[in-house]
Amino acid sequence: MSSAFHIHIGGAGVMMGDMLWKLYEKEHNETTLKNYVYQQVDGHSHPLTLFADLDDRMISEVQRNKQIQFKKNSFLYGKEEASNIYSRGCYTIGKEIIDKGLDQIRKQIETMDRLDQFVITTSIMGGTGSGFSTLLLQRLEVDYKNKVKTNGFIIFPSSGMSNNILGIYNAMFSIQMTRNHFHSITMFDNQSMYNVIDQQLDLDYVDYSHLNNLVAQTISSYTGLRRFNNIDNSKFFSGMCPYPNLHYFVPSYGKMTLINDYTRKELSQNEFIKYLTKKEIKLYQSPNNPQHLSTTLLFRQKEPNHFYGKFNQTLQNLSHVYNQSPRIFQCNSSNYQVLSELAQMKQTGIFFSNDASIISRFDQLGRNFDKIYAKRAFVWAYVSEGLEEFEFSEGREALANLTSEYSEVIKEDSPQNDLEIDYE
Ligand SMILES: Nc1nc2c(ncn2[C@@H]2O[C@H](COP(=O)(O)OP(=O)(O)OP(=O)(O)O)[C@@H](O)[C@H]2O)c(=O)[nH]1
Ligand SMILES: [Mg+2]
């Protein structure tokens, strides 16, 4: 019955995983379908997961948490980080531990009745997140090709990071991996997540734990369909891909409220959908108007939602704008919070959109890359770690191909995407 294996790669990936497993642990008592993500042995639940990093700093943080019964096989680390260099993660340092990692994954998977999907968290700006992820995904594909879906929840570069030279190169090298080795990618960027939190919550400070919480809530609602309602979620993302390569999704999550905000109230159907589809709460924001190729609403609430299944009016209006109706899912479970300053809302939701307007961000990444590569900034650092120079242009070409695949579809798509939504 077990069917998802989680892999958390690089410092950011590991910390997102840390937050996610803390959340699963809180949700643990509410579900009878634990063995979707845990191995059950003699009444104990052990996470089916691999935390992989080239150094042990972040992994030690995770191991400090004794509440969760991780198995030894769930941790893989080497002696030194990839120092922000993709090729160190992919070719030199990463190679030293890859076989051990695959072995740890295999041993855990052997304890499962079946495996439907990998759920992967990482940030493609880091040397490990970009390089080691690429190596691992290439190797996993050999062993599990076509049998197992690979769903990524990935931090992309923020739009303002044009001076992070290594981060831009790493992200560029990772595009091929995201296109070829994943069935779906749910995209986040730190700046957008900061903006969303800043607009909604009056916090004195915001750190990575708040951003990781947003990612964890998104993943948990998605896997919650299976963990709480026994809904087969294997087609959740593939049902949003008109073409296999166009599998990049932008999520919006809400509502978030502070624990001491006593004004919080339940939203009506229209208010809630209107809120969730607002451009400003996207966790990966593009300057252009959305170009939704397909959309999905995922609601989360313990009691059956009184407006679930009665969306006709709203759906008609949404479909008028998007040219198609969003699919709707409901996960019946409470909304737990790991961060003590955030309130547990009665109802939350996620709006996933296959939004072609992300190409403006891909174009921006391409322009930033062109600028630094023209001056050959730090090319030596990658080449001295085993990268062949043609891979720079190969990476750039992969990005250009992806952008043009999306552009083709936009051309065919209805111009109605720019319309304001009338919800009443
Ligand atoms: N959302 C989020 N982003 C993070 C976190 N930690 C780092 N980042 C971002 O992710 C980028 C990559 O950092 P890491 O994930 O630490 O890098 P890595 O993959 O471990 O790679 P190396 O350290 O170079 O081996 C950073 O530039 C930050 O922008 C985190 O906990 N959460
Ligand atoms: Mg690191």
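Just so we're clear, the structure is a prediction, and the values are computed from it rather than from any experiment. (Residues numbered from 1 in each chain as written. Chains lettered and ligands numbered in written order. Predicted model: local features only at pLDDT ≥ 70, side-chain atom pairs only at ≥ 80, totals over all residues.)

(A) Representation of the overall build of the chain. Helix and strand counts for the chain stand at 13 helices and twelve strands. Taking 2.2 N^0.38 as the reference for a compact globule, 424 residues should give roughly 22 Å; the C-alpha atoms of the chain span a radius of gyration of 21 Å, in line with that estimate. A principal-axis box enclosing the C-alpha atoms of the chain has dimensions of 60 × 55 × 45 Å. When burial is assessed residue by residue, the chain has 47% of its 424 residues classed as buried. Taking the contacts inside the chain whose residues are at least 6 apart along the sequence as the reference set, 85% of them involve residues at least 24 apart. (Helix = DSSP H or I, 4+ residues; strand = E, 2+ residues; numbered from the N terminus. Rg over C-alpha atoms; globule rule 2.2 N^0.38 Å. Buried ≥ 20, exposed ≤ 12 C-beta atoms within 10 Å, placed from the backbone. Contact = placed C-beta atoms within 7 Å.)

(B) Structural detail: the nonpolar core. Among the nonpolar cores identified, the biggest contains 103 residues, and Met172 and Met187 are the most heavily contacted of them. Looking at which element gives the most residues to this core, the answer is helix α1 (residues 10–27), with nine residues. Sequence-distant contacts of methionine 187, that is, excluding residues within four places in its chain, are made with Ile154, Phe156, Tyr248, Phe249, Val250 and Tyr284. (Core = buried A, V, L, I, M, F, W, Y, C linked by C-beta atoms within 7 Å.)

(C) Inspection of the UniProt feature "domain: Tubulin/FtsZ GTPase" (unreviewed entry) in the chain at higher detail. If you check UniProt for "domain: Tubulin/FtsZ GTPase" (unreviewed entry), the listed places come out as residues 34–230 in our numbering. Between the C-alpha atoms that bound residues 34–230 the distance is 11 Å, and the span itself is 49% helix and 19% strand. (UniProt positions renumbered as here; feature names shortened; annotations may be inferred.)

(D) Spotlight on the confidence of the model for the chain. For the chain, mean pLDDT is 90; residues scoring 70 or higher make up 91% of the total. When the criterion is pLDDT under 50, residues 415–424 qualifies, and its contacts beyond four places in sequence or with other chains add up to 20 contacts. (pLDDT = per-residue confidence, 0-100.)

(E) Summary view of the site of ligand 1. Lining the immediate environment of ligand 1, one finds 22 residues, of which Gly10, Gly11, Gly126, Gly127 and Gly129 sit closest. If you tally residues by element for the shell around ligand 1, the top one is α1, at four residues. (Near = placed C-beta within 6 Å.)

(F) Main features of the pairing of strand β7 (residues 149–156). Judged by how many residues are buried, β7 sits mostly within the fold: seven of eight residues are covered. Note that strand β6 (residues 117–123) and β7 share seven bridges and pair parallel. By the bridge assignment, isoleucine 120 is partnered in β7 with glycine 152. Note: β7 against strand β8 (residues 184–189), six bridges, orientation parallel. Bridging across to β8, phenylalanine 153 finds its partner in threonine 186. Of the crossover connections in this fold, the one passing from β7 over helix α6 (residues 165–180) to the parallel β8 is right-handed. (Pairing = 2+ DSSP bridges. Right-handed = clockwise from strand over helix to strand, strands pointing away.)

(G) Fine view of the sheet that holds strand β9 (residues 248–254). Reading across the sheet, the ten strands line up as β5-β4-β1-β6-β7-β8-β9-β12-β10-β11 and stay open at both edges, with mixed pairing between neighbours. Here the strands that pair on one side only, and so sit at the sheet edges, are β5 (75–77) and β11 (327–331). Geometrically, the sheet is characterised by an average inter-axis angle of 20 degrees between neighbouring strands, direction not taken into account. In terms of strand pairing, strand β10 (residues 292–301) meets β11 through five bridges, oriented parallel. Directly across from leucine 297, in β11, lies its bridge partner isoleucine 328. Together, β1 (4–9), β4 (49–53), β6 and β7 form the strand contacts of helix α5 (residues 127–144), whose direction differs from that of β1 by roughly 145 degrees. Its contacts with the sheet place helix α7 (residues 190–200) against β7 and β8, and it is angled at close to 65 degrees to β8. (Axes fitted to C-alpha atoms, helices over the stretch in contact; angles between N-to-C directions.)

(H) Region of interest: unusual backbone geometry. Between glycine 254 and the following residue, lysine 255, the backbone shows a cis peptide bond with an omega angle of -10 degrees. Within the fold, lysine 255 resides in the loop between β9 and α9 (269–276). At asparagine 84, a position not held by glycine, the phi torsion is positive, near 65 degrees. By secondary structure assignment, the location of asparagine 84 is in the loop between β5 and α3 (86–90). Positive phi values are uncommon outside glycine, yet arginine 376 reaches one of about 55 degrees. By C-beta crowding, arginine 376 is classed as exposed, having 10 other C-beta atoms within 10 Å.

(I) Molecular detail of the environment of isoleucine 109. Relative to the helices and strands, isoleucine 109 is located in helix α4 (residues 93–109). Overall, isoleucine 109 belongs to the partly exposed group, with 17 C-beta atoms counted inside 10 Å. It is 9.3 Å that separates the C-alpha atoms of isoleucine 109 and serine 3, two residues lying 106 residues apart in sequence. Contacts of isoleucine 109, omitting those with residues within four sequence positions, involve Phe5 and Leu115.

(J) Up close: the packing of α5 against α6. Viewed as axis vectors pointing N to C, α5 and α6 meet at an angle of 20 degrees, and their least axial separation amounts to 9 Å. Classed by the angle they form, the pair α5 and α6 counts as roughly parallel. Remark: the crossing between α5 and α6 carries left-handed chirality. Along its contact with α5, which presents Gly127, Ser130, Ser133, Thr134 and Leu137, the element α6 presents Asn170, Ala171, Phe173, Ser174 and Met177. Of the residues that constitute the contact of α5 with α6, the class distribution is four nonpolar, six polar and no charged. (Parallel < 35°, antiparallel > 145°, perpendicular 65-115°, else oblique. Left-handed = near helix turned anticlockwise from the far one by under 90°. Nonpolar A, V, L, I, M, F, W, Y, C, P; charged D, E, K, R; others polar.)

(K) Highlighting the pairing of β1. The element β1 is largely enclosed, with a buried count of six among its six residues. Neither face of β1 is open: one carries Ala4, His6 and His8, the other Phe5, Ile7 and Ile9, and all of them are buried. Here β1 runs beside β6; their pairing, made up of five bridges, is parallel. Across the sheet, residue histidine 8 finds its bridge partner in β6, namely threonine 121. As judged from the four bridges shared by β1 and β4, these two strands associate in the parallel manner. Opposite histidine 8, over in β4, you have phenylalanine 51 as the bridge partner.

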